[in-house]
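The chain contents come next:
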Amino acid sequence: MELLRDGLTFDLTGLAPKEGTATALANLRVGLPADFDPSTYEALLLAPGPHLAGAESLLPVVQVAASLLLVLATLPGLAAIGWLPAGNLVSPRWFVDAVRPWLNGGPFPAMALAGLKRGDDRVTSIGLTFFIGQEFALHTGGERPGEQHARAAVRLTDWLIAHGHIAQAQAVELPGAGTLWLEPGEDCIISARWA
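The sections below set out a description of the structure shown in this document. The numbering scheme is per chain: residues are counted from 1 as the chain's sequence reads. In keeping with the predicted nature of the model, local features appear solely for residues at pLDDT of at least 70, side-chain atom pairs appear and are counted solely at 80 or more, and the whole-chain, interface and lining totals rest on all residues. As a rule here, side-chain values cover all heavy atoms of the structure and leave hydrogens and water aside.

Below, the discussion takes up the side chain of His 139. Mapping His 139 onto the fold places it in strand E11 (residues 135–139). Type-normalised accessible area, obtained with a 1.4 Å probe on protein chains alone, sets the label of each residue: buried when under 20%, exposed when over 50%, and partly exposed for intermediate values. Judged by its relative accessible area of 12%, His 139 falls in the buried class. A polar contact is formed between the side chain of His 139 and the side chain of Ser 191, at a distance of 3.3 Å. In contact with His 139, not counting residues within four places along its chain, are Asp 121, Arg 122, Ser 191, Ala 192, Arg 193 and Trp 194. Helix and strand labels come from DSSP, where a helix needs a run of H or I of at least four residues and a strand needs a run of E of at least two; each type is numbered from the N terminus. As used in this structure description, the phrase polar contact means that two N or O atoms lie within 3.5 Å; if the pair is within protein, one of them must be able to donate a hydrogen and the other to accept it, and residues adjacent in sequence are counted only when both atoms belong to side chains. Contacts: residue pairs with any heavy atoms within 4.5 Å of one another.

Geometry of aromatic contacts follows a simple scheme: Phe, Tyr and Trp rings, the Trp one being its six-membered ring, pair when their centres are within 6.5 Å, and the pair is stacked under 30 degrees between planes, edge-to-face over 60, tilted otherwise. Taken as a whole and judged by the stated rule, the model has six aromatic pairs. Ring centres of Phe 36 and Tyr 41 lie 5.2 Å apart, and the angle between their planes is 15°; this geometry places the pair in the stacked category. The partly exposed category is assigned to Tyr 41, whose relative accessible area is 36%. Where Trp 102 meets Phe 108, the ring centres are 5.4 Å apart and the plane angle is 85°; that geometry is what we call edge-to-face. With respect to burial, Trp 102 and Phe 108 carry one shared label: buried.

Expected span, for any helix, means 1.5 Å times one less than how many residues it has. Between its first and last C-alpha, helix H4 (residues 147–163) extends 24 Å over 17 residues, near the 24 Å set by a 1.5 Å rise per residue. Within H4, burial applies to His 149, Ala 150, Ala 152, Ala 153, Leu 156, Thr 157, Trp 159, Leu 160 and Ile 161. Looking one or two places after H4, you find Gly 164, whose phi comes out positive at around 85°.

Backbone geometry at Asp 6 places phi at a positive 50°, although glycine is not the residue there. In this structure, Asp 6 sits in the loop between strand E1 (2–5) and strand E2 (8–13). Given a relative accessible area of 63%, Asp 6 falls into the exposed group. The phi dihedral of Cys 188 falls on the positive side, at around 65°, and the residue is not glycine. Along the chain, Cys 188 turns up in the loop between strand E13 (178–184) and strand E14 (189–194).

What follows concerns the environment of Val 172. Inspection of the secondary structure puts Val 172 in strand E12 (residues 170–174). Look past the residues within four positions of Val 172 in its chain and what remains in contact with it is Trp 159, Gly 178, Thr 179, Leu 180 and Leu 182.

With that out of the way, let us pick up the sheet that holds strand E7 (residues 81–83). Overall, mixed pairing links the three strands, which are arranged E4-E8-E7 in an open sheet. The open sheet is flanked by strand E4 (28–30) and E7, the only strands paired with a single partner. Taken over all neighbouring pairs, the strand axes of this sheet differ in orientation by 15° on average, direction set aside. By the bridge criterion, three bridges tie E7 to strand E8 (residues 88–90) in an arrangement that is antiparallel. Bridge pairing in E8 links Ile 81 to Val 90. For two strands to be treated as a pair, DSSP must find at least two bridges joining them. Geometry is summarised by axes, namely lines fitted to C-alpha atoms with helices restricted to the contacting stretch, and by angles between N-to-C directions that run from 0 to 180 degrees.

What links the strands of a sheet is backbone hydrogen bonding, and the strands pair in either a parallel or an antiparallel sense. Read from one edge of the open sheet, three strands run E1-E2-E6, paired in antiparallel fashion. Sheet topology places E1 and strand E6 (45–48) at the edges, where each strand pairs with a single neighbour. Pairwise comparison of adjacent strand axes, ignoring direction, gives a mean angle of 30° for this sheet. Relative to E6, E2 is paired through four bridges, and the arrangement is antiparallel. Residue Leu 12 lies in a different strand from E6, and its bridge partner there is Leu 46.

Take the buried Ala, Val, Leu, Ile, Met, Phe, Trp, Tyr and Cys residues and link them wherever side-chain atoms come within 4.5 Å; each set so joined is a nonpolar core. Phe 10, Phe 95, Leu 113, Phe 131, Phe 136, Leu 160 and Leu 182 are the most contacted members of the largest nonpolar core, which totals 54 residues. Here Phe 10 is in contact with Met 1, Glu 2, Leu 3, Leu 46, Ala 47, Pro 48, Gly 49, Leu 52, Val 61, Val 64, Ala 65 and Leu 68, once residues within four sequence places are set aside.

Here we take up the pattern of salt bridges. In what follows, salt bridge is the name for a side-chain nitrogen of Lys or Arg lying within 4 Å of a carboxyl oxygen of Asp or Glu. According to the stated counting rule, one finds four salt bridges in the structure shown. As a salt-bridge pair, Glu 147 and Arg 118 come within 2.9 Å of each other at their nearest N and O atoms. With Glu 147 in helix H4 and Arg 118 in strand E9 (residues 115–118), the pair connects residues that are 29 residues apart, well separated along the chain. What makes Glu 147 partly exposed here is its relative accessible area of 49%.

Everything listed is a geometric property; what it means functionally is a separate question.
Here you go:
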């Protein structure tokens, strides 16, 4: 099925008479029961139409796609919404609650359209490459990441989406998180540390 919104077309595949595709997204799951098994569901895929080839990661296109997903989130029987660039699954209610404020001018929905992974001494992004061509590793100074590190990572995600690709080292001030020193690496990973 072709869906048209704000002059942009998107293809919705996996509808009858064809079978939906299996889903195995697992990088991040938010708002879903602990025993949620995506392999027991079929997936529909919403993708930009052919005329948007190469523009799928532009924020205006993503915002229109997200607005379509808000409508699709009301479909009966919908168990989860996945975002392929980050490999995550979130509950439809959680997706709506995270994305609607962004579409109304709020912060980027970091856990719906990207993801964060806590390691031993850092929080790393998943899926930002789709938007800016880079991921980040927020170093905690040797301590296990806590809630303050996760909040700073969410704010850094929002800042990077707003400012784009980082070409040179710089300090950035994040509200509620302090000043971070960002240093791009040759591996397309931005090293972020508190300044």
